[in-house]
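Structural overview for review
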Amino acid sequence: MKKIIVTGGAGYIGSHTIIELIQSGFEVVSFDNFSNSSATTYDRIKSISGVEIPFEEIDLTNRALTNTIFEKHKDAVGIIHFAALKSVPDSVARPIEYYRNNNDSLLNVLEQVIIHGIKSTIFSSSCSVYGNLREDQLPVVEETTWNEAECSYANSKQMGEDILRNVAKISPQNLIALRYFNPVGAHISGLNGEMPSKVVNNLAPIITQAAAGLRDKITVFGDDYATRDGSAIRDYIHVTDIAKAHVKAIELGLSNNMKTNFDVINLGSGNGVTVFETINAFEKSTGLKVPFTIGPRRDGDVEAIYSDCTKAERVLNWKCEFGIDEMMASAWKWQQYLIKNNITG
Ligand code: NAD
Ligand code: WQD
C-alpha cells in the first residue's frame, strides 16, 4: 500500500481527508501537535473507516524533531500538509505566531520532502490569497494577480505558495497548492466534523449553534452590500468534496502526468451563495428556524468571492457532489452529535 503522511490530520479537513484516503486504498500516518484538535479525532475516523490511524504527536516547527519523525516514515510517497493556524482575527492579533507556525512548519516539511524524495506534496492554501477582488474578476481564476493580503494568515498562505513555487525550481518533486474557498459541513454519517479547541467564528457552526439554542441568535454581518439580497457572497463547499479532491491531487502528484512540477488549483463549488441564502438552506433542509439579527459589516470582510472551478475539473477530474442543502444537513447532524456527547463549547 502507498503511504501518505497527513500533517494536521487530527483537524477538520485533515480528518475527512484521511477517511477518503483510507477508502481509496492508501496507508496513512498523521502528524499533529493537537494545538487545535485532539487525539479523539482518530477514534472518530476509526468508527467510520474501521482503521486505526497511526499518528505522531509533533510540532512541525521543531526542525530537529521533524527530521527524526520523517526518517521514521521515509517510506512515504506522498504528503498532504494541512497543519497550520487558520483564524483570520487571531492572525491579526498574533502575526508573529502565525508566520512562525505556518511558514517554519512548511519549510521543515519541504526540507524533508527533498531529502526523502517524496514524490507528491499537497499544500493547503486558501482563497484568502486573492485579497479583495473586483466584481469583474469573479468567478476568480487561478491566474488572477493577488491583491494585498487582508491579514497575516492570508499573507502566510501567499508566502507558502511562493516558497513552493521556488522550491519546485530546484527539486523534481511534484508540489500542488490547493486554494480552498469556504469548507463547511461534516461527514455524511454524522460521526465526524469540526471539533476545534479554539473558538470558531465561521458562519456554519454559528448557524447550527443558534438553531440548537446554544446561542441566542446569529448576527448577519451587513445587509447593505451590492448583492442580490444585501448580504455577502461566499463559495461554500462540502468538506468531503474537499477531501476527495485531495485524493485526486495526491494521485496526480504520484503520476507522471503533471505538465510542470508546481501547480495551483482552486477548490470551490463555483456557486456564490449569500448569508441569507445559507440560513434559508439550513432552515429548508432541517425544518428548524434560525433566529437572526442584522449587524454592521465585519472588519476585513469582502463583499463577494467565489471560484471558477474549471481547472479542478480539468486537471483533477473532480467536481463537487454535494450542494448547500447537504452541507447544512450534515452540519446539523454533526451539531446533534456534539450535543449528544455533551460537547457544547
Ligand atoms: P484545523 O485547525 O482543524 O486543522 C489544522 C491541524 O493542524 C490541527 O489539528 C492543529 O492541531 C494542527 N497544527 C497546527 N499547527 C501545527 C504544528 N505546528 N505542528 C503540527 N500540527 C499543527 O484546520 P482546518 O480547517 O482543517 O484547516 C486545514 C488547513 O486548511 C490549514 O492549513 C488551513 O489554513 C487551510 N484552510 C482552511 C480553511 C477553512 O475554512 N477551514 C479554508 C482555507 C484553507
Ligand atoms: C462567511 C460569511 C461573514 C459569521 C474565512 C477566511 C477564508 C477561509 C474561510 C481559511 C461572511 C458571514 C459569519 C457570522 C455572518 N479560511 N457571517 N455572521 O470570512 O468568508 O472566510 O474562513 O483560509 O480564508 O477568510 O468565512 O464563515 O467567517 O464567514 O454574517 O456570525 O458569513 O460576514 O460573509 P470567511 P466565515
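Residues numbered from 1 in each chain as written. Chains lettered and ligands numbered in written order. Predicted model: local features only at pLDDT ≥ 70, side-chain atom pairs only at ≥ 80, totals over all residues. Heavy atoms only, no water.

1. Looking at the overall build of the protein chain
In terms of regular secondary structure, the protein chain is built from 11 helices and 13 strands. Compactness check: the protein chain gives a C-alpha radius of gyration of 19 Å against a globular reference of 20 Å for 345 residues, within 12% of the reference. Counting all 345 residues of the protein chain, 56% fall into the buried class. Within the protein chain, residue pairs in contact and separated by at least 24 positions form 82% of the contacts whose partners lie at least 6 positions apart. Across the protein chain, the 33 positively charged side chains and the 41 negatively charged ones have centroids separated by 3 Å. (Helix = DSSP H or I, 4+ residues; strand = E, 2+ residues; numbered from the N terminus. Rg over C-alpha atoms; globule rule 2.2 N^0.38 Å. Buried < 20%, exposed > 50% of the residue type's maximum accessible area, 1.4 Å probe, protein only. Contact = heavy atoms within 4.5 Å. Lys, Arg positive; Asp, Glu negative; His and termini not counted. Charge placed at Lys NZ, Arg CZ, Asp CG, Glu CD.)

2. Brief notes about the pattern of salt bridges
Enumeration according to the criterion identifies 18 salt bridges in this entry. Its salt-bridge partner being R228, residue E277 comes within 2.7 Å of it at the nearest N-O pair. Placement of E277 in helix α9 (residues 275–286) and of R228 in the loop between β8 (218–221) and β9 (233–234) is noted, with a sequence separation of 49 residues between them. What makes R228 exposed here is its relative accessible area of 54%. Three or more residues joined by partner-sharing salt bridges are found here, namely R234, R298 and D301. (Salt bridge = Lys/Arg side-chain N within 4 Å of Asp/Glu carboxyl O.)

3. Remarks on the packing of aromatic side chains
Enumeration according to the criterion identifies 8 aromatic pairs in this entry. Measuring from ring centre to ring centre gives 5.8 Å for F282 and W332, while their planes differ by 90°; the resulting arrangement is edge-to-face. Pair noted here: F282 is in helix α9 and W332 is in helix α11 (residues 324–340), with a separation of 50 residues, a long-range link. No difference in accessibility class separates F282 from W332, as the two residues are buried. An aromatic cluster of at least three residues, connected via ring pairs, comprises F34, Y42 and F55. Lying across the ring of Y225, R297 places its NZ or CZ 4.0 Å from the centre. (Phe/Tyr/Trp six-rings, centres within 6.5 Å; stacked < 30°, edge-to-face > 60°. Lys NZ or Arg CZ within 6 Å of the ring centre and 35° of its normal.)

4. A closer look at helix α8 (residues 239–254)
Across its 16 residues, α8 extends 23 Å between first and last C-alpha, which sits within 8% of the 22 Å expected from 1.5 Å per residue. In terms of burial, α8 is largely enclosed, as 13 of its 16 residues are buried. (Expected span 1.5 Å × (residues − 1).)

Purely geometric stuff here, so don't read any function into it on its own.
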